[in-house]
Amino acid sequence: MSGMLKSIRKRKRQTFLSLLLAACLCVAFLFGTVAEASNSDFGINVTIKASKKNYTFELEVKNKSKAFDGRVVVMTSSQGSGFTGYSKSISIASQQTEYVSINVPLAGTNPDLEFKILILDNDDILRYQEKFKSIAYIAGKNLTYEEKITSLDMYDIENVQGYMEKPAGELSGLISILIILYVVLVGPIIYLILKAVKKRELMWIIIPGITVVFVLIMFLMSIGSASKNDSIKSIELTNYQNETISTYVFGYSAGHKKWDVKTKENYCTGRCLSRSYIYDENVKYRAELEQGLSNMKLHYSPRNSYESTCFELESETKPEGSIEIIASENDPYVVKVCNKTGQHLDYMYVSTFKGCEVVEDVEPNATVDVELNLNNNSSGSFINNSQLQNKYLMPAYEDGDIEKSSELAALYIALEASYTGNEQALAVGVTKGASKTDKEEISFRCFYDSVSFQPYDEY
């Protein structure tokens, strides 16, 4: 008996030592994982300069280990919007130093909130991370938080991008026929056939079998009709009011996969409109703009299938042409809108206090006359953008004119992106454009201008 007790005690000691060893290995693994993303392999010195449109992060990256290829990511935040990554590729030889310059837009970036700098390899494995107090703290001066003045948000994108695609339900007629056929088969036809051959007891086998076959057919039809590809669209917006040219790249991924798009040209600044970024100690940020020498790479990691996102990119190119909105001195109730964009506009949306109008086929240098009530000089918001959607966009879509509804949807997005609420008359035109990314997406060009008038008695 004593020998058996000794044997049991020995096994308990061995089990305890095994558990202790396993715990030590787990701790060592955790420390090793943290060390991999620590500051041991890299060192970074940060300088930040504020320009008219960007915060420029001048990064001195020292590689203390072996040769490295990957990218440097600056993660900044805006009030209530989470973190967005702005990145550039980097290649550093062992024990060498590289200098990286990354632009982060002033608009939408809060300089008083913390930011992070990450280094990731080409497999997106975190190799370095460091948290900094704020942009203002590093820059060494007070910086004003500038939120971009626009009413465009992801709700607007999700609300109208469906008007740019053919409606689902093209198989509804075929499905209806299949359902009728199924009801007829499992009802009188199968019964009469089995009754004629005196095999009615087989109904318990044949009807479930037919049901399974029909369900399988409709299931396969639904899979075949579902979108399997990414849906990408773009709009180039020329805003003559603030003298900017911006490109909006938006859409969704049909599958729950990373959204990767490469632009065909470079931009001086950009941001993501999605306001539901993930951020935690595991660095699961969702939006990233990777700046290259001649283009930008846009990355987005959706949480769900068909989750939409939108990137706003601003070009360094200055607008050419104009849309002139002129009030007649002889008749102040008439506004003349002249298309001097140099483009044939398929549609032009004109809105005043009196209402709105969509004019088709506006040639270059053509003029559109619109009545305007100058006695009402309210500086508040007067333009009801839902008129464009309800009066023009939805009817075109319901009539099956997807080409027209697509352009009117682009008008709606351009209007939301430009409208500030202080306008008393505005005009925005649209025409088809060339794709802006490697996805060869459908693209539109929009042109916007607005004007504010003096009270009538000042004329």
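This one's a predicted model, so the numbers in the text were calculated from it and none came from an experiment.

## What to know about the overall build of the chain
Thought 1: Along its length, the chain carries 7 helices and 21 strands.
Thought 2: Going through the 459 residues of the chain one by one, you find that 44% of them count as buried.
Thought 3: Taking the intrachain contacts of the chain between residues at least 6 apart in sequence as the baseline, contacts between residues at least 24 apart amount to 68%.

## Overview of the pattern of salt bridges
Where charged atoms of side chains with opposite charge meet at close range, the side chains can pair.
Thought 1: What the rule picks out here adds up to 18 salt bridges.
Thought 2: Notably, a salt bridge pairs Lys-258 with Asp-124, separated by 3.5 Å at the nearest N-O pair. Of the two residues, Lys-258 is situated in the loop between strand E9 (244-252) and strand E10 (259-262) and Asp-124 in the loop between strand E6 (115-121) and strand E7 (126-132); the sequence distance between them amounts to 134 residues.
Thought 3: Classification of Asp-124 by relative accessible area gives partly exposed; the value is 38%.
Thought 4: In this structure, Asp-369 engages Lys-336 in a salt bridge whose closest nitrogen and oxygen atoms are separated by 3.2 Å. Of this pair, Asp-369 sits in strand E19 (residues 367-371) while Lys-336 sits in strand E16 (residues 334-340), and the two are 33 residues apart along the sequence.
Thought 5: For Asp-369, a relative accessible area of 47% corresponds to the partly exposed category.
Thought 6: With relative accessibility at 35%, the residue Lys-336 sits in the partly exposed group.
Thought 7: Salt bridges sharing common partners tie together Arg-71, Asp-124, Lys-258 and Glu-288.

## Side note on the sheet that holds E9
Thought 1: Across the sheet, which stays open at both edges, the 8 strands sit in the order E11-E14-E9-E8-E21-E20-E17-E18 with mixed pairing between neighbours. At either margin of the open sheet sits one strand with a lone partner, and together these are strand E11 (269-272) and strand E18 (355-362). Neighbour-to-neighbour, the strand axes of the sheet open up by a mean angle of 20°, direction not taken into account.
Thought 2: Taken together, the 7 bridges between strand E17 (residues 345-352) and E18 define a ladder with antiparallel strand orientation. From the neighbouring strand, Val-350 faces E18, where its bridge partner is Glu-357.
Thought 3: Contacts between helix H6 (residues 386-398) and the sheet are confined to E17 and E18, with E18 contributing the most and set at about 55° to the helix.
Thought 4: Contacts from helix H7 (residues 402-418) reach strand E8 (231-239), E9, E17, E18, strand E20 (425-433) and strand E21 (442-451), with the element oriented near 135° to E20.

## Looking at the sheet that holds strand E1 (residues 42-50)
Thought 1: Spatially, 3 strands are ordered E1-E2-E5 in an open sheet, and the strand pairing comes out antiparallel. The open sheet has two edge strands, E1 and strand E5 (97-105), and neither has a second partner. Ignoring which end each strand starts from, the neighbouring axes of this sheet average 20° apart.
Thought 2: Of the strand pairs in this sheet, strand E2 (residues 54-63) and E5 are connected by 9 bridges, and their pairing is antiparallel. Its bridge partner being in E5, Tyr-55 is matched across the sheet by Val-104.

## Side note on the state of the cysteines
Thought 1: Summed over the entire model, instances satisfying the criterion amount to 0 disulfides.
Thought 2: Unpaired in terms of disulfides, Cys-310 finds its nearest cysteine sulfur in Cys-272, a separation of 7.5 Å.

## Here we look at unusual backbone geometry
Thought 1: Even without a glycine there, the phi angle at Asp-361 is positive, about 50°.
Thought 2: As for its placement among the helices and strands, Asp-361 is situated in strand E18.

## Section: the nonpolar core
Thought 1: Judged by nonpolar contacts, the single largest core of 37 residues is most densely connected at Phe-57, Leu-59, Val-61 and Ile-117.
Thought 2: Those residues in contact with Ile-117, other than ones at most four positions away along the chain, are Ile-44, Val-46, Leu-59, Val-72, Val-73, Val-74, Tyr-128, Gln-129, Glu-130 and Phe-132.
Thought 3: Counting 36 residues, the second largest nonpolar core, distinct from the first, contains Met-154, Tyr-392, Tyr-412 and Tyr-419.

## Observations concerning the pairing of E7
Remark: a regular strand shows side chains that alternate across the two faces of the sheet.
Thought 1: Bridge count between E6 and E7: 6 bridges; the pairing is antiparallel. Note that in E7 the partner of Lys-116 across the bridge is Lys-131.
Thought 2: Counted between consecutive antiparallel strands, the loop separating E6 from E7 contains 4 residues, among which Asp-124 sits at a positive phi close to 65°.

## Thoughts on H6
Thought 1: The sharpest bend along H6 reaches about 30° and sits at Tyr-392, with the proline Pro-395 one to four residues further on.
Thought 2: Turning to H6, its buried residues are Leu-388, Gln-389, Tyr-392, Leu-393 and Ala-396.
Thought 3: The inward-facing, buried residues of H6 contact helix H3 (154-160), E17, E18 and H7.
Thought 4: Backbone geometry just after H6 places Gly-400 at a positive phi near 80°.

## Focus on the confidence of the model for the chain
Thought 1: Looking at the chain, pLDDT values average 78 and 75% of them are 70 or higher.
Thought 2: Mean pLDDT values over the elements of the chain span from 46, in helix H1 (residues 2-36), up to 94, in E8.
Thought 3: A low-confidence stretch, residues 373-381 (pLDDT under 50), is modelled with 24 contacts involving residues beyond four sequence positions or located in other chains.

## Here's the deal with H7
Thought 1: Taking 1.5 Å of rise per residue, 17 residues should cover 24 Å, and H7 covers 24 Å from first to last C-alpha, within 8% of that figure.
Thought 2: The buried fraction of H7 amounts to 15 of the 17 residues, a majority that puts the element mostly inside the structure.

## As for the side chain of Thr-238
Thought 1: Relative to the helices and strands, Thr-238 is located in strand E8.
Thought 2: For Thr-238, a relative accessible area of 3% translates into the label buried.
Thought 3: Thr-238 has contacts with Thr-244, Ile-245, Pro-319, Cys-446, Phe-447 and Tyr-448, leaving out every residue within four places of it along the chain.

## Focus on the side chain of Lys-116
Thought 1: Along the chain, the position of Lys-116 falls in strand E6.
Thought 2: Taking relative accessible area as the criterion, Lys-116 reaches 3% and is therefore assigned buried.
Thought 3: Among the polar contacts listed, one links the side chain of Lys-116 to the side chain of Gln-129, at a separation of 2.8 Å.

About the thresholds
Residues numbered from 1 in each chain as written. Predicted model: local features only at pLDDT ≥ 70, side-chain atom pairs only at ≥ 80, totals over all residues. Heavy atoms only, no water. Helix = DSSP H or I, 4+ residues; strand = E, 2+ residues; numbered from the N terminus. Buried < 20%, exposed > 50% of the residue type's maximum accessible area, 1.4 Å probe, protein only. Contact = heavy atoms within 4.5 Å. Salt bridge = Lys/Arg side-chain N within 4 Å of Asp/Glu carboxyl O. Pairing = 2+ DSSP bridges. Axes fitted to C-alpha atoms, helices over the stretch in contact; angles between N-to-C directions. Disulfide = S-S within 2.5 Å. Core = buried A, V, L, I, M, F, W, Y, C linked by side-chain atoms within 4.5 Å. Bend = angle between axes of the 7 residues up to and from the residue. pLDDT = per-residue confidence, 0-100. Expected span 1.5 Å × (residues − 1). Polar contact = N/O pair within 3.5 Å; in protein donor to acceptor, adjacent residues only side chain to side chain.

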